[in-house]
Amino acid sequence: MEKQLNDEIDLADVLLKLVRGWLSILAFAVTGAIVAALIVVNTIPIYRADAMLQLEEQAANPFAMSSDLAALLGDSGPSSSAEIELLRSRLVLGQVVAAHNLAWVVEPHRMPVLGVMFTRYPIPMPQFGVLRSYARNGESIRLDAFSVPPRWLDEWIRLEIGENGSYTLRLPDDSEITGQAGQLLMDNERGVALTLAEVNAPVGRVYWLKHLEEIRAIANLNSSFSVSEAGRNTGILRTTITGPDETLNERILNAIIQTYQRQNLNRSTAQTQSSADFIAQQLPEAERRLNDAVRTLSEYREAQGSIDLEFEAQALLEQISGIETMLLDLQRREDELRQRYTESHPTYRALLDERERLNSRLQSLRDQAAALPQMQLEVLNQMREVELAQQIYTQMQTRLQEIEVMRASTIGNVRIIDAAASQLNKVKPSGSRTVALGLIVGLALGVARAVAAGLDEQKGITDIKQLDALGISVLATISYSKESDTKSRRSGRYPIMAIERPTDLVTEAFRSLRTSLHFSMLDAQTKTIAITSSHPGAGKSFCALNLAAVTAQAGMRVCVVDTDMRRGQLWRHFGTQRFNDGLGTVLAGDARAEDVIVKGPIDNLFFLPAGKYPPNPAELLMRRTFHELVAYCDANFDLTIFDCPPVLAVTDPIIVARETGATFYVARHLLTPLGEIEAAIHSFEAAGQKFGGIIMNGFDPKKAGSNSYGYGYRYHYQKRED
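The structure reproduced in this document is the subject of the present report. (Residues numbered from 1 in each chain as written. Predicted model: local features only at pLDDT ≥ 70, side-chain atom pairs only at ≥ 80, totals over all residues. Heavy atoms only, no water.)

Let us look at the overall build of the chain. Within the chain one finds 24 helices and 20 strands. Counting over 722 residues, the chain shows a buried share of 42%. A separation of at least 24 residues holds for 77% of the contacts in the chain among residues at least 6 apart in sequence. Looking at the chain as shown, the accessible area adds up to about 39,400 Å², and 51% of this sits on carbon and sulfur atoms. (Helix = DSSP H or I, 4+ residues; strand = E, 2+ residues; numbered from the N terminus. Buried < 20%, exposed > 50% of the residue type's maximum accessible area, 1.4 Å probe, protein only. Contact = heavy atoms within 4.5 Å. Areas by Shrake-Rupley, 256 points an atom, 1.4 Å probe, with all protein chains shown as cover.)

What follows is the structure in structure tokens.
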């Protein structure tokens, strides 16, 4: 039950960790905002231009149009979806790409990482070496002509500005050609043509040119161009285009909508032109039929003499001609209705009934005409043919004139409501939004780091009660000193607090450790101790060094032996060199201890360095010479401290512990896991050894758990003036 409670998340504890790590969180937030600001100033801004079109239901026409002509030309308005696709078609965009040379790509040679920032702002940059080639603010070039062979489409070509308006092109095949600004450069052998119309850049600047394939250039334009209908079935189209150049955006968008408007007008004109061409083709044939009918009638009358029709026959002829004309009109109406209705539709059925009635009436009139005398009947038929041909010819002429009027007055059904105009603010990047996002991300990372650091701390021991449960006494608790920790990280050496800060609480803790050690060593066989830990960073060397210093200040002769012959670093604190003779040399029998031991920075403090790192430290410690060294130290010093490597990493501390009077374990508050301490105890017990006590190092009451206790006091010295 207790474990479950401990595993639960303590919100107050988390909040406390966040408060302790406020400086780190603030640093992350500021860093995130700075990085976001750099991204903003180092990103090419993108602007947007928009325009609005209206699709009218019917083309505006000041002239009236007959129903027959309307049926012939069609009066239904275009579908918005279809017109949107036409706007985005290669037919329209391809013309814009060709007219504005959008297949040409010109890119300045920018500095890596921060190059965009130098082209956007007047930031000074040295003019030497490779820096000469990088683009600066306010520089540009302009092309008037550019073409490459098909094999070099979509390939980069390097252009370097030379002196006196000259320039050099490096082609994809690594060949070079030289040209002059303002003149056409033509290389017929390679198929390259270029006119550099304007140069606003100094000597040495480099630009990159590319001629895109037409289909790729159209695709690039299509990706930056969008069309949408404003509402449902409104016929209002909103068009937008994005790009880094505001003026170019407006020019391109205006070109797109104007090209589309011309295409729409051409489609409307093409419809009337097609009808006019068809009628113009049929008109000569209708005229020929009329002339033939008139000539046939004249020839018959001349052959038969003057033949006059009676009033009844004349009326019969007029009725037959009128009904035939009505039937022709019904035929045209039927063709129109057939496209919209089926034969079962009431309107369609009414037309069929009307045609049936007229056909019946026509047949009756023809039967009456058949009863006329033969000569009158023949003249009647021929006069009917002439009148019918005359009507067809007159209708075709009238219709052709109407179509010509319609074609002359066609204005299309697309109207530009708003021409292209750029928006005031750039589309991206949004400065305030990006910086705010960077700030939020930085805060999140800072909070995550603070919480993660707190979780890492909780993996280590949090209070002394956990150590007491192991059955081993805690000799001393060394408080955490931020100043000493920072100094050791900066200089790479542990400070000797007894010398540098004799009144510090940490120094007093080592004096307390000296007292506890005195009583715990009363029954020891030798005046030697070993200090170890389970992992690097616990502070065993720091404890060994400062314990030796406070003991020496008490008037006792103390020797510190760097027993870590693998990574020992105590030589840094005593002014010796790493490759001097040391413990390894003594154990190998190549030197005597009294010749290798050096004096420390204070009286009564001596030091035996590890010396050169040997290949077999454990084997050297197992030699008889190490026993002799311990005996020598016991005879010549009041206390000898063997600073050993971590016990869970190597077996050296266990070997040393067999010869020394006692062994002490250094555990780091919030860093050393309880499991490592138990593992170290088991390792010693397996070898028949045990720890004489534990030293709690780096204890921070502010970071201790809720069940921990802290303490603190400070000595204040004041010089009395008599």
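For the pair helix H17 (residues 505-520) and helix H18 (residues 540-553), the least separation of the axes is 9 Å and the interaxial angle reads 75°. Between H17 and H18, the angle falls in the class roughly perpendicular. On H18, the residues that touch Val506, Thr507, Phe510, Arg511, Leu513, Arg514 and Leu517 of H17 are Phe542, Cys543, Asn546, Leu547, Val550, Thr551 and Gln553. Grouping the amino acids of the contact of H17 with H18 by side-chain chemistry returns 8 nonpolar, 4 polar and 2 charged. (Axes fitted to C-alpha atoms, helices over the stretch in contact; angles between N-to-C directions. Parallel < 35°, antiparallel > 145°, perpendicular 65-115°, else oblique. Nonpolar A, V, L, I, M, F, W, Y, C, P; charged D, E, K, R; others polar.)

For the structure on display, the rule yields 7 aromatic pairs. Each ring, one from Phe626 and one from Phe642, has its centre 5.8 Å from the other, and the planes form 70°; the classification is edge-to-face. Here the residue Phe626 occupies a position in helix H22 (residues 624-636), and Phe642 occupies one in strand S18 (residues 639-643), the gap between them amounting to 16 residues. Residue Phe626 is classed as buried on the basis of its relative accessible area of 0%. Given the relative accessible area of 0%, Phe642 is considered buried. Centre to centre, the rings of Phe684 and Phe691 are 4.3 Å apart; their planes meet at 40°, and the pair counts as tilted. Taken together, Tyr665, Phe684 and Phe691 form an aromatic cluster joined through their ring pairs. It is Arg151 that lies over the ring of Trp152; its NZ or CZ is 4.5 Å from the centre. (Phe/Tyr/Trp six-rings, centres within 6.5 Å; stacked < 30°, edge-to-face > 60°. Lys NZ or Arg CZ within 6 Å of the ring centre and 35° of its normal.)

In this section: unusual backbone geometry. Cis geometry marks the peptide bond from Lys428 to Pro429, where omega comes out at -5°. The backbone of Asn101 sits at a positive phi, close to 55°, despite the residue not being glycine. Within the fold, Asn101 resides in the loop between helix H6 (90-99) and strand S2 (104-108). Residues other than glycine seldom take positive phi values, yet Asp154 does so here, at roughly 65°.

Scanning the model with the defined rule gives 0 disulfides in all. Note on Cys633: no disulfide assigned, nearest cysteine sulfur contributed by Cys559 at a separation of 5.0 Å. Here Cys633 falls in the buried class, since its relative accessible area comes to 0%. (Disulfide = S-S within 2.5 Å.)

Across all of its chains, the model carries 2 cavities of 30 Å³ or more by this definition. In terms of lining residues, the second largest cavity is bounded by Asp562, Gly568, Trp571, Gln577, Arg578, Pro609, Ala610 and Gly611. Classifying every residue of the lining of the second largest cavity gives 3 nonpolar, 3 polar and 2 charged. (1 Å grid on protein atoms, 1.4 Å probe; cavity = no way out; pocket = protein on both sides within 12 Å on 5 of 7 lines; lining within 4 Å. Points joined across faces, edges and corners; volume = space filled by probe spheres on them.)

What follows deals with the environment of Pro645. Along the polypeptide, Pro645 turns up in the loop between S18 and helix H23 (652-657). Taking the C-alpha atoms as reference points, Pro645 and Arg566, 79 residues apart in sequence, are found 8.1 Å from one another. Pro645 has contacts with Thr532, Ser533, Lys540, Thr563, Asp564, Val650, Asp652 and Pro653, leaving out every residue within four places of it along the chain.

In this section: the side chain of Thr239. Along the chain, Thr239 falls in strand S11 (residues 236-243). What makes Thr239 buried here is its relative accessible area of 0%. Those residues in contact with Thr239 that sit more than four places away from it in its chain are Ala49, Asp50, Ala51, Leu87, Phe225, Ser226, Val227, Leu253 and Ile257.

Packing of H6 against helix H8 (residues 214-224) leaves a shortest axis separation of 9 Å and a crossing angle of 105°. On the basis of their axis angle, the class for H6 and H8 is roughly perpendicular. Residues Arg90, Leu93, Gly94, Val96 and Val97 of H6 form the contact with H8, whose own contacting residues are Ile215, Ala217, Ile218, Leu221 and Asn222. Considering only residue class, the contact of H6 with H8 consists of 7 nonpolar, 2 polar and 1 charged.

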